[in-house]
Amino acid sequence: MTPDDSPGEAALPLAATAFAALHRSSGPPFLIPHAWDHASASALAGQGFPAIATTSLAVAAAAGLPDGAGATRAQTLLLARRLGTGPYLLSVDAESGFGDDPDEVARLARELADAGAVGINLEDGRPDGTLAPVALHAAKIAAVKAAVPDLFVNARTDTYWLGGREKTATTSRLQAYEQAGADGVFVPGLTDASEIATLVRRLETPLNILYAPSGLTVRQLGDLGVRRVSLGSLLLRTALGAALGAAADIRAGRPVAGGGPTYAQVQALAGPSYEPGARPGNRADPAGSGTGR
């Protein structure tokens, strides 16, 4: 897929088919990394990842707003428009759809699809730590599928993520979301191998699990029947940790460990189609030093 082939309304059916196929291919599960801006998405695509997702934590953190509070609709759409023309398939974390009106959620889904997204995550968790009524979340899913039939809806339940108080409702919730038209289902916080295997047997759509650094490997998850593994905010938090570590090392007079991309390499992620604006000046990385501005 090239930038010119990136999904819009006309290209969505073809791109959506390719995205859905990633969930049903043989071999290891489909691993999808989550980007937080154009540079991170482009860099990940350059490493051979065919699809990139956004993460609501990154969107919220960049805006100085809380995650999961339904406060970042505009920012989520803006990021989708920035990434939607990239040479990869884009899935967008839309929290719970930024409202309880199914028609409004469907309108957002149409805007995301027009921006170039081929997939959307919709969660049933609420900011107050409760779960939305099953019927309401199912209605959102059905409205999205009616408005944008080709958009891959990954229906997320937070039965485990919100402390596991309603774990026993996981299967019934996911089956209701499948019946509403969900193309895949997502259970972040579920890490137990036997519980994952049992859930896979009870579902008709591909199961998505959030990768846990101290948990099962991608291959082990695949052996249990998981078809999609998400990295969530892990890469963002890892990058932030590296930045804090580098700053601390410099302040303490220690050498900075590791080698990140050079200034020129990051500049190159803007792509050959970028045309400089009115600001003059050559900001090329001097002598490839990696320092830049």
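Source: prediction; values computed, not measured. (Residues numbered from 1 in each chain as written. Predicted model: local features only at pLDDT ≥ 70, side-chain atom pairs only at ≥ 80, totals over all residues. Heavy atoms only, no water.)

(A) Fine view of the sheet that holds strand β8 (residues 207–210). Spatial strand order, β1-β9-β8-β7-β6-β5-β4-β3-β2: nine strands in an open sheet with parallel pairing. Two strands close off the open sheet at either side, each with one partner strand: β1 (30–32) and β2 (34–35). In the sheet, strand β3 (residues 51–54) pairs with strand β4 (residues 89–93) via three bridges, with the strands oriented parallel. Of the residues in β4, the one forming a bridge with Ile52 is Leu90. Its contacts with the sheet place helix α6 (residues 134–147) against β5 (117–123) and β6 (152–156), and it is angled at close to 175° to β6. (Pairing = 2+ DSSP bridges. Helix = DSSP H or I, 4+ residues; strand = E, 2+ residues; numbered from the N terminus. Contact = heavy atoms within 4.5 Å. Axes fitted to C-alpha atoms, helices over the stretch in contact; angles between N-to-C directions.)

(B) Inspection of the packing of aromatic side chains at higher detail. Under the definition given, this model contains two aromatic pairs. Judged by centre distance (5.8 Å) and plane angle (90°), the ring pair of Phe19 and Phe30 falls under edge-to-face. Of this pair, Phe19 sits in helix α1 (residues 12–22) while Phe30 sits in strand β1, and the two are 11 residues apart along the sequence. Accessibility assignment for this pair places Phe19 and Phe30 in one class, buried. Feature note: the residues Phe19, Phe30 and Phe152 constitute an aromatic cluster, connected by ring pairs. (Phe/Tyr/Trp six-rings, centres within 6.5 Å; stacked < 30°, edge-to-face > 60°. Buried < 20%, exposed > 50% of the residue type's maximum accessible area, 1.4 Å probe, protein only.)

(C) Quick look at the pairing of β6. Most of β6 is tucked away: five of the five residues are buried. Burial of the side chains of β6 extends over both faces: Phe152, Asn154 and Arg156 are buried on one face and Val153 and Ala155 on the other. Here β5 runs beside β6; their pairing, made up of five bridges, is parallel. Looking at the pairing, Leu122 lines up with Ala155 of β6. Handedness of the crossover joining β5 and β6 through α6 is recorded here as right-handed. In terms of strand pairing, β6 meets strand β7 (residues 184–186) through three bridges, oriented parallel. Residue pairing across strands places Arg156 opposite Phe186, the latter belonging to β7. (Right-handed = clockwise from strand over helix to strand, strands pointing away.)

(D) View of the environment of Thr157. Positionally, Thr157 belongs in the loop between β6 and α7 (170–179). Expressed as a C-alpha distance, the spacing of Thr157 and Thr170, which sit 13 residues apart in the sequence, is 7.1 Å. Apart from residues lying up to four places away in sequence, Thr157 is in contact with Asp124, Thr170, Arg173, Leu174, Tyr177, Phe186, Val187 and Pro188. Within polar-contact distance, the side chain of Thr157 engages the side chain of Asp124 at 2.8 Å. (Polar contact = N/O pair within 3.5 Å; in protein donor to acceptor, adjacent residues only side chain to side chain.)

(E) A look at the confidence of the model for the chain. Chain-level statistics for the chain give a pLDDT mean of 90 and a share of 88% at 70 or above. Confidence over residues 1–6 falls short of pLDDT 50; this stretch has 14 contacts with residues more than four positions distant or in other chains. Of the regions scoring below 50 in pLDDT, residues 278–293 engages in 16 contacts with residues more than four places distant in sequence or in other chains. (pLDDT = per-residue confidence, 0-100.)

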